[in-house]
Amino acid sequence: MRLEVDIASKTFKNAAGEQHDVIAGVTFALDAGEVGAFVGPSGCGKSTMIRILADLDHDFQGRVSRPVGARIGIVFQEPRLLPWRSVEENVRLVAPLADDARLSALFEILELKAHRNHFPGELSLGLARRVALARAFAVDPDFLILDEPLASLDDALAARLRDQIAMLVDDRSVMTLLVTHDVDDAVRLADRLFLLSPRPARVLAELHIPTLRSVRGDAEIAAIKSDVMRRINGDVTERDAS
Amino acid sequence: MPRLLSFAIFLATWWIASLLAGDAKLPSPPTVLTALIAEAGSGALFFNLGATLARVALAFTLAMTLGAAIGYLMGRVRLADRLGDPWLILLLNMPALVVIVLAYIWAGLTEVAAIAAIAINKLPNAVVTLREGARALDAALDEMATAFALPRWSTFRHVVLPQLAPYVAAAARSGLSLVWKIVLVAELLGRPNGVGFEIGAAFQLFDIPLLLAYSLSFAAVVLVIETLLVQPIEVRLSRWRPRAA
């Protein structure tokens, strides 16, 4: 089970007919059980990349080879729940064959038990994001795509949710692609880090984190973070100089 | 309770107006009731109401099904929209009477002609509403369904249809009131039974109690269907919406 991605370029035309480059070279590979995190500034083309990887956008130069028959679980930046279906019905829709015990366990881990029968309109954003996570895990994915799953949540909640994601990913050893603008989230969750440039996105650097995420200490995380920040800022200086 | 009050006010106004205008011009409620009971006793009232309701049901179903399908297609496919738009404008602005008369001329004074004419009058209304609905579909939810590889039917049934439901309800609501109005004209012009035919006959004979008896029973049936059928369905369709405080 391996994902190989080589997006040479992706452009789009706006309403005025002007051409914009969104991606200018993103190449990487990911193996089963690995978490790859893409870190880049807001608006750098991360969501476009996700649409390509999730097979929603075919209009690009390059090649994406997904594992054959892989089940994809995806968490979009907005939860994208169906407002007319309850929490449980939303999850069941994409995973009609999932057995009750497994769903119950999932709801338990994501602290959604009390909300199974609620409608999305009755949930806070944090809860709705957890439902979107439950939905992605319910399909028992081989390939999990997470687009800013923790954005705009308060720190405590984001930390809890991050731990829950780590637990689920390790439990099933799912190949995971996380996209975020938050370096801290990326460093705590990922095995491999890809730093993206501002738009048009290209991979500036790739970092491998050998320690298991469950045993990563604060000192190690701080060291990796400062390395990441140095590289990101270094790039900015480099670009400014040119 | 307010409904009862409103009914009582209607009855009182009618009675007073009838006293002022005279029984010959505006028969009093008891006179109309007598005519109503006589018509009901002979079975004619129920037969004619039944005939009208059957026409309404058939024409309404036909127009909603076709109209929804065409509207959805026009909302989703640009070419279909461009092809269909001139026809839609034409039909929207065609007087009901013209459609009915032409239908009777071309298809004879038949049941098929009557139902087709009523359906054609309602059709553009359903098309326009459903086209709006299809245009307003949330692309983000569509993407979600694609990303999770939901089967096409499942996507349509659980993602698309619920988004169209308010538009279907709106088309049904306005369409039904349109059909109620047109069915009587169609019956008056070319059917040998139904509420429209009876009202026409009563008009020829200047039998105002009978005319009012049919008009009011028809109005009562409309009210009952709206209250017991249309409104509960609307409530059920929108039960997931957070209630206003």
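Structural notes on the overall build of chain A
Each helix and strand counted, chain A has seven helices and ten strands in total. In terms of its C-alpha atoms, chain A occupies a principal-axis envelope of roughly 55 × 50 × 35 Å. The proportion of buried residues among the 242 residues of chain A is 38%. Long-range contacts, defined here as pairs at least 24 residues apart, represent 74% of the contacts in chain A between residues at least 6 apart.

Focus: the overall build of chain B
Looking only at helices and strands, chain B features ten helices and zero strands. Principal-axis analysis of the C-alpha atoms gives chain B an extent of 70 × 55 × 30 Å. Every one of the 245 residues in chain B was classed for burial, and the buried ones make up 32%. Contacts spanning at least 24 positions in sequence make up 72% of the contacts within chain B whose residues lie at least 6 apart.

Brief notes about the interface of chain A and chain B
A common way to state how big an interface is: give the accessible area lost once the parts meet. Each partner contributes residues to the interface: chain A has 16 residues there, and chain B has 14 residues. Looking at side-chain class alone, the side of chain A that touches chain B contains twelve nonpolar, one polar and three charged residues.

Examining the sheet that holds strand E10 (residues 203-208) of chain A
Residues and elements named next belong to chain A. Strand order across the open sheet formed by six strands is E6-E7-E8-E4-E9-E10, with mixed pairing between neighbours. This sheet does not close on itself; its edge strands, each paired only once, are strand E6 (72-75) and E10. Across this sheet, the average inter-strand angle for adjacent strands is 15°, counted without regard to direction. Judged from the four bridges that link them, E6 and strand E7 (residues 143-147) form a sheet pairing that is parallel.

As for the pairing of strand E2 (residues 19-23) of chain A
Residues and elements named next belong to chain A. With four bridges connecting them, strand E1 (residues 2-13) and E2 associate as antiparallel partners. Along E2, the bridge assignment pairs Phe-12 with His-20. Once E1 ends, the chain turns through five residues before running back antiparallel as E2, passing Gly-17 with a positive phi of about 85°.

Some remarks on the nonpolar core
Counting residues in hydrophobic clusters, the biggest one holds 119 residues, and the most contacted among them are Ala-37 of chain A together with Ala-117 and Ile-118 of chain B. Element by element, the count of residues in this core is highest for helix H6 (residues 111-135) of chain B, at 14 residues. Filtering out sequence-adjacent residues up to four positions away, Ala-117 of chain B remains in contact with Val-99, Ile-100, Ala-103 and Ala-186 of chain B.

Quick look at the confidence of the model for chain B
Overall, the predicted model of chain B reaches an average pLDDT of 91, with 98% of residues at or above 70. ipTM for the predicted complex: 0.86, alongside a pTM of 0.79.

A word on the packing of H6 of chain B against helix H8 (residues 152-190) of chain B
All names here are of chain B. Axis separation between H6 and H8 bottoms out at 8 Å; the angle between their running directions is 160°. Comparing the axis directions of H6 and H8 gives the class roughly antiparallel. Where H6 crosses over H8, the handedness of that crossing is right-handed. Packed against H6, whose contacting residues are Ala-113, Ala-114, Ala-117, Ile-118, Asn-121, Lys-122, Asn-125, Ala-126, Thr-129, Leu-130, Glu-132 and Gly-133, the element H8 presents Leu-164, Tyr-167, Ala-170, Ala-171, Ser-174, Gly-175, Leu-178, Val-179, Ile-182, Val-183, Ala-186 and Gly-190 at the interface.

As for the confidence of the model for chain A
Residues and elements named next belong to chain A. Averaged over chain A, the pLDDT score is 87; the fraction of residues at 70 or greater is 97%. Mean pLDDT across the elements of chain A bottoms out in helix H7 (residues 218-241) (74) and peaks in helix H2 (residues 87-94) (94). Counted against residues more than four places away or in other chains, residues 237-242, with its pLDDT under 50, gives zero contacts.

Overview of helix H5 (residues 96-107) of chain B
All names here are of chain B. Here H5 contains twelve residues, and its C-alpha end-to-end distance of 16 Å stays within 8% of the 16 Å for a straight helix at 1.5 Å per residue. Among the residues making up H5, those that are buried are Val-99, Ile-100 and Ala-103. Seen end-on, H5 carries its buried residues on one side only, within an arc spanning 95°. Of the residues in H5, the exposed ones pointing more than 90 degrees away from the buried face are Val-98 and Ile-105. At its buried positions, H5 is contacted by H6 and H8. Following H5 by one or two positions, Gly-108 has its phi on the positive side, about 80°.

A few points about the pairing of E1 of chain A
All names here are of chain A. Judged from the six bridges that link them, E1 and strand E3 (residues 26-31) form a sheet pairing that is antiparallel. Its bridge partner being in E3, Leu-3 is matched across the sheet by Leu-30. Across five bridges, the pairing between E1 and strand E5 (residues 61-65) is antiparallel. Looking at E5, one finds that Glu-4 is bridged to Ser-65.

Description of unusual backbone geometry
All names here are of chain A. Residue Pro-200 is reached from Arg-199 by a cis peptide bond, and omega for that bond is -5°. Following the sequence through the fold, Pro-200 ends up in the loop between strand E9 (192-196) and E10. For Asp-140, which is not glycine, the phi torsion reads 55° and is therefore positive. Relative to the assigned elements, Asp-140 resides in the loop between helix H4 (125-138) and E7.

Definitions and limits used
- Residues numbered from 1 in each chain as written.
- Chains lettered and ligands numbered in written order.
- Predicted model: local features only at pLDDT ≥ 70, side-chain atom pairs only at ≥ 80, totals over all residues.
- Helix = DSSP H or I, 4+ residues; strand = E, 2+ residues; numbered from the N terminus.
- Buried ≥ 20, exposed ≤ 12 C-beta atoms within 10 Å, placed from the backbone.
- Contact = placed C-beta atoms within 7 Å.
- Nonpolar A, V, L, I, M, F, W, Y, C, P; charged D, E, K, R; others polar.
- Pairing = 2+ DSSP bridges.
- Axes fitted to C-alpha atoms, helices over the stretch in contact; angles between N-to-C directions.
- Core = buried A, V, L, I, M, F, W, Y, C linked by C-beta atoms within 7 Å.
- pLDDT = per-residue confidence, 0-100.
- Parallel < 35°, antiparallel > 145°, perpendicular 65-115°, else oblique.
- Left-handed = near helix turned anticlockwise from the far one by under 90°.
- Expected span 1.5 Å × (residues − 1).
- Arc of directions from axis to C-beta.

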